[in-house]
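One-letter residues, chain by chain:
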Amino acid sequence: MRETLILLPGWGLDGAVLQPLAEALRSDMQVQVPALPRLSSAAAADWLDELDTRLPHGCWLAGWSLGGMLAAALAARRGERCRGLITLASNACFVASDTWPTAMPAQTYGAFYEGCQENAGATLKRFAMLCAQGSADARGLSRRLQSNLAASDEPALLGGLRLLASLDNCAALAAFDGPQLHLLAEQDALVPAAAGDALLALLPAGQVDVLEDCGHAFVREQADVLATLMLDFIREASDV
């Protein structure tokens, strides 16, 4: 029986953005791309409770951006009931702090949050542009991403942003004993590639790689490359 992998989407874009990656992975795995909870709550426990209830156990957990952070927190909660963890363009903390400086500056995050309060639709379009930065065809990729924008549900969008600001996965990542792969993008405008060194320092037994010449939306632009890296890692982990 093939193993199951859960692939969680990120903030602001629906699961369709992950379908090319999911299709590339389905040659070897059963892949599910569930929607994230639509919660106004910023409490991680509320998001994890819902995900833990509706997602199967005993599978691999993976996710992009916020989805990767939720996958990491859920993996730590499940422990041995999680086969392994893969994050894509995710950080231990999304917003920089004294304890985790390699993240988005708090001032940048604050301006983005205010923009979402004032005009969620315009902020989502700007988000698509930021995701596309670093691509060889940033303008074309941004247009394609805009077709996958989430609904302008302001309470849920703001709840997700507050969750991004509050979620600190340092302890969760360090506590999870299963195999871990963290893939970052060299030109990411939202999650600095320098976070790779911080993740390696936090997780000496984990695997961290930075893909060159791509940005935050490498899940769409580099789907085949990512699928190969993910499947190779899963095979190696399964052989141990």
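Residues numbered from 1 in each chain as written. Predicted model: local features only at pLDDT ≥ 70, side-chain atom pairs only at ≥ 80, totals over all residues. Heavy atoms only, no water.

- As annotated in an unreviewed UniProt entry, the protein is Pimeloyl-[acyl-carrier protein] methyl ester esterase from Ectopseudomonas composti.

## As for the packing of aromatic side chains
Next up, step 1: Under the defined criterion, the tally for this structure stands at 5 aromatic pairs.
Next up, step 2: Between the aromatic rings of Trp 60 and Phe 233, the centroid separation amounts to 6.1 Å while the plane-to-plane angle is 80 degrees, which identifies the pairing as edge-to-face. Placement of the pair is Trp 60 in strand β3 (residues 59-64) and Phe 233 in helix α11 (residues 223-239), with a sequence separation of 173 residues.
Next up, step 3: With a relative accessible area of 1%, Trp 60 lands in the buried category.
Next up, step 4: A centroid spacing of 6.3 Å and a plane angle of 65 degrees characterise the contact between Phe 112 and Phe 127, whose relative ring orientation is edge-to-face. Here Phe 112, found in helix α4 (residues 106-118), pairs with Phe 127, found in helix α5 (residues 120-132); they are 15 residues apart in sequence, far enough to count as distant. The residues Phe 112 and Phe 127 share a single accessibility class, namely buried. (Phe/Tyr/Trp six-rings, centres within 6.5 Å; stacked < 30°, edge-to-face > 60°. Helix = DSSP H or I, 4+ residues; strand = E, 2+ residues; numbered from the N terminus. Buried < 20%, exposed > 50% of the residue type's maximum accessible area, 1.4 Å probe, protein only.)

## Considerations on helix α6 (residues 138-146)
Counting along an α-helix, one turn takes 3.6 residues, and residues three or four places apart therefore face a common direction.
Next up, step 1: Those residues of α6 that sit buried are Gly 140, Leu 141, Ser 142 and Leu 145.
Next up, step 2: Tucked inside the fold, the buried residues of α6 contact α5 and α10 (218-221). (Contact = heavy atoms within 4.5 Å.)

## Some remarks on the side chain of Asp 188
Next up, step 1: Its place among the elements puts Asp 188 in the loop between β5 (180-185) and α9 (195-202).
Next up, step 2: At a separation of 3.0 Å, a polar atom in the side chain of Asp 188 contacts the main-chain amide nitrogen of Val 191.
Next up, step 3: Side chain to side chain, Asp 188 and His 216 meet in a polar contact 2.8 Å long.
Next up, step 4: Not counting the four nearest positions on each side in its chain, Asp 188 is found in contact with Ala 89, Cys 214, Gly 215 and His 216. (Polar contact = N/O pair within 3.5 Å; in protein donor to acceptor, adjacent residues only side chain to side chain.)

## Brief notes about the packing of α4 against α5
Next up, step 1: The N-to-C vectors of α4 and α5 enclose an angle of 140 degrees; their axes lie 6 Å apart at closest approach. The orientation of α4 relative to α5 falls into the category oblique. Across the interface between the two elements, Phe 112, Gly 115, Cys 116 and Glu 118 of α4 pack against Ala 120, Thr 123, Arg 126, Phe 127 and Leu 130 of α5.
Next up, step 2: Class assignment of the residues belonging to the contact of α4 with α5 gives a composition of 5 nonpolar, 2 polar and 2 charged. (Axes fitted to C-alpha atoms, helices over the stretch in contact; angles between N-to-C directions. Parallel < 35°, antiparallel > 145°, perpendicular 65-115°, else oblique. Nonpolar A, V, L, I, M, F, W, Y, C, P; charged D, E, K, R; others polar.)

## With respect to the pairing of β5
Every regular strand shows the same layout, with side chains that alternate between the two sheet faces.
Next up, step 1: Within β5, 6 of the 6 residues are buried, which leaves the element mostly enclosed by the surrounding structure.
Next up, step 2: Burial of the side chains of β5 extends over both faces: Gln 180, His 182 and Leu 184 are buried on one face and Leu 181, Leu 183 and Ala 185 on the other.
Next up, step 3: When strand β4 (residues 82-88) meets β5, the two strands line up parallel, connected through 4 bridges. Across the sheet, residue Leu 88 finds its bridge partner in β5, namely Leu 183.
Next up, step 4: Pairing of β5 with strand β6 (residues 207-211) involves 5 bridges; the strand directions are parallel. Residue pairing in the sheet places His 182 in a bridge with Val 208 of β6. (Pairing = 2+ DSSP bridges.)

## Describing empty space enclosed by the protein
Next up, step 1: This model, assessed by the stated rule, comprises 2 cavities of 30 Å³ or more.
Next up, step 2: Of the pockets and cavities examined, the largest cavity occupies roughly 80 Å³.
Next up, step 3: For the largest cavity, the full set of lining residues is Trp 11, Ser 65, Phe 94, Met 104, Tyr 109, Phe 112, Phe 127, Leu 161, Leu 164, Leu 190 and His 216.
Next up, step 4: Elements supplying a minimum of two residues to the lining of the largest cavity: α4 and α7 (154-166).
Next up, step 5: Its residues assigned to classes, the lining of the largest cavity comprises 9 nonpolar, 2 polar and no charged.
Next up, step 6: In this structure, the second largest cavity occupies an estimated 50 Å³ of space.
Next up, step 7: Lining the second largest cavity we find Gly 68, Ala 72, Thr 87, Ser 90, Asn 91, Ala 92, Asn 169, Leu 173, His 182 and Leu 199.
Next up, step 8: Tallied by class, the residues present in the lining of the second largest cavity amount to 4 nonpolar, 6 polar and no charged. (1 Å grid on protein atoms, 1.4 Å probe; cavity = no way out; pocket = protein on both sides within 12 Å on 5 of 7 lines; lining within 4 Å. Points joined across faces, edges and corners; volume = space filled by probe spheres on them.)

## Digging into the side chain of Ser 65
Next up, step 1: Its location among the elements puts Ser 65 in the loop between β3 and α3 (66-78).
Next up, step 2: A distance of 3.0 Å separates polar atoms of two side chains, one belonging to Ser 65 and the other to His 216.

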